[in-house]
Amino acid sequence: MERIIEEIREDLSRRLAVAADRLADRTLTEDPAYAALLGRAELRERIHHHLRQAVEGLVRSSRGLPVELADARATGALRAEQGLPLASLLRTYRRGGRLLWQTLTEAVAAHDRTALPRLLPGAPALWDVLDQLTDALTESYHRTEAVRADREKERRAALLDVLLDGPAADGGPTAAEAAARLGLPERGRFAVVVVGSGGEGLSAGPAAAKAGATAPRVLWRIRGDGEIGLVELGHHPLESVRELLAPLGLRAGVSPVVAAAAELAGAHRLAALALRTAPESGGPRTALLDERLPAALVAGQAELAGRLRQVVLGPVLALPAEDRRTLLTTLGTWLACQGSTTYAAQRLYCHRNTVSNRLRRLEQLTGRSLTDPRHVVELALAHAAVVQHAAAPHTAGTHAAGRPSAGRQGAGEAPTPPIPPAQRAGRTSPTPAGTGRRSPRRPA
């Protein structure tokens, strides 16, 4: 094979130049990706070089030497960095291989047609050389593409951090610049959602919540303690975020709507606050901040929340675990039922008088009346403080009242019983006819 090539080398070199011209013209005509990346002169030169490289690989193979693959690897890495699709690159390589064999046979036939049978054994060797070059190019392309993808993820994460945490004090892109690089408008309708960690299927959750034609676009930022989503709402209502997350069953907090990229850092803080108010179980687990402002107020003031628990509900928290749990669960259910003892009894699966008796005992212990709106506000906020304290991770096993903790149940926060079907399917108001929103206290 080496002898044949040496005999036709001068003519083959001329023919390869013509073949390179033909393939360059065809590639630029049929492949827009190449046309957008390279000019004709550069593409023609690269094709001519690859054709000569394949011929030299064939010669080295006939001598028992390894094929030189460094240039193919460099080409694969370069095209990956430039963003040329691998399919375009391989298509041109395959066409080049077929064109090279055609050029070889034409050169041999022009030199000595009787030598054509001597060329045939070289066909498998040529395809083996082309396969080695293509494999080297493809492997290098994939490696570079993976590095490029990791670098792009890091760049995207850094830009999201600018929006979610605020620009760095020592320089870097502004919020408007970060938004532009992420393809977001500087002004629009945005929100932030914070998803808590620890939920089963968390890693697949937000990643699976793809924004489609009927859902807002979400850019996710994965961190060690959960995931944060920057939501470009557009014309979608804020409620669409809850609808997007509902099938995933994850605890999440959602900020109010903001109108500028520069406001997203504040929205992130509010979403994290909303997450602290999201229920651990029972009912929707996505908390919109504007729907849970009292609980968020408690969550945002940890020291005052502890004092609120102690001052308002300290005597209740000092009870034995079972009594404490019963009274706090009854209070929480009564509040959720908007002060209806009838519906609270249905949800707790007990008699209405039982609920009334428990609430009277709670009034006696706390010195607060459920007929006084100011006292109801205090009890509601203190109850929210107890719920959040029970849901928060603890390093010490004691309550504010100084009694041993029994976990979340020990804090009196048994899951709220489900709403009976009759109530779910019935009236919108939780107060049935003839039942007032009133305290169980008997008139003096």
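Keep in mind it's a predicted model, so treat the numbers as computed, not measured.

A. Here's a closer look at a negative patch on the surface. A surface patch of negative charge is lined by Asp128, Asp131, Asp135 and Glu139. Topologically, aspartate 131 is positioned in helix H7 (residues 122-165).

B. Inspection of the pairing of strand E3 (residues 226-232) at higher detail. For E3, a buried count of six out of seven residues is recorded, marking the element as mostly surrounded by other parts of the structure. Of the pairings in the sheet, the one linking strand E1 (residues 187-196) to E3 comprises seven bridges and is antiparallel in character. Following the sheet pairing, alanine 191 is matched in E3 by valine 231. Where strand E2 (residues 217-223) meets E3, seven bridges bridge the pair, whose relative direction is antiparallel. Residue valine 218 lies in a different strand from E3, and its bridge partner there is valine 231.

C. Quick peek at the environment of aspartate 323. Along the chain, aspartate 323 falls in helix H14 (residues 321-336). Put simply, aspartate 323 and arginine 358 are 35 residues apart on the chain and 9.8 Å apart in space, counted from C-alpha to C-alpha.

D. Quick peek at the nonpolar core. Core analysis: the biggest nonpolar cluster contains 43 residues, and Leu12, Leu89, Leu100, Leu104 and Leu133 have the highest contact counts within it. Secondary structure elements with two or more residues in this core: helix H1 (2-30), helix H3 (40-62), helix H4 (70-82), helix H5 (86-111) and H7. Top contributing element to this core by residue count: H5, with 10 residues. Residues in contact with leucine 133, not counting those within four places in the same chain, are Gln53, Ala54, Val67, Glu68, Leu69, Ala72 and Tyr93. Listed in part, the 22 residues of the second largest apolar core include Leu182, Val194, Leu230 and Leu264.

E. Quick peek at the pattern of salt bridges. One pass over the structure, following the stated rule, counts 24 salt bridges. Glutamate 106 is paired through a salt bridge with arginine 15; the nearest N and O atoms lie 3.8 Å apart. One end of the pair, glutamate 106, is in helix H5; the other, arginine 15, is in helix H1, with 91 residues separating them in the sequence. According to the relative accessible area criterion, arginine 15 is partly exposed, its value standing at 21%. Across the pair arginine 242 and glutamate 291 runs a salt bridge whose closest N-O atoms are separated by 2.9 Å. Of the two residues, arginine 242 is situated in helix H10 (residues 239-245) and glutamate 291 in the loop between strand E6 (286-288) and helix H12 (293-299); the sequence distance between them amounts to 49 residues. Put simply, Asp11, Arg14, Arg15 and Glu106 are held in one network by salt bridges that share partners.

F. Molecular detail of the pairing of E1. Most of E1 sits out of view: seven of its 10 residues are buried. When E1 meets strand E5 (residues 258-260), the two strands line up antiparallel, connected through two bridges. Residue pairing for E5: phenylalanine 190 is matched across the bridge by valine 258. Across three bridges, the pairing between E1 and strand E4 (residues 252-254) is antiparallel. Paired with valine 195 across the strands is alanine 252, a residue of E4.

The rules behind each value
Once a new chain begins, its residue numbering starts again from 1 and follows that chain's sequence as written. Totals for whole chains, interfaces and linings use all residues, but because this is a predicted model, local features are given only for residues with pLDDT of at least 70 and pairs of side-chain atoms are given and counted only at 80 or more. Only hydrogens and water are removed before side-chain values are computed, so all heavy atoms of the structure are retained for them. Only residues whose relative accessible area exceeds 30% and that form no salt bridge enter a patch; like-charged residues are grouped when within 9 Å of one another, and nonpolar side chains (Val, Leu, Ile, Met, Phe, Trp, Tyr) when within 5 Å. Note on areas: Shrake-Rupley with a 1.4 Å probe; residue coverage comes only from the protein chains shown. We count a salt bridge whenever a side-chain nitrogen from Lys or Arg sits within 4 Å of a carboxyl oxygen from Asp or Glu. Only four residue types enter the charge count: Lys and Arg as positive, Asp and Glu as negative, with His and the chain ends excluded. Lysine's charge is taken at NZ, arginine's at CZ, aspartate's at CG and glutamate's at CD. Each helix is a run of DSSP H or I of at least 4 residues and each strand a run of E of at least 2, with the numbering of both proceeding from the N terminus. Residue exposure (1.4 Å probe, protein chains only): buried if accessible area is under 20% of the type maximum, exposed if over 50%, otherwise partly exposed. Whether two strands pair depends on DSSP finding at least two bridges between them. Among the buried residues, those of types Ala, Val, Leu, Ile, Met, Phe, Trp, Tyr and Cys that are joined through side-chain atoms within 4.5 Å form a nonpolar core. Contacts were defined at the residue level, with two residues in contact if any of their heavy atoms lie within 4.5 Å.

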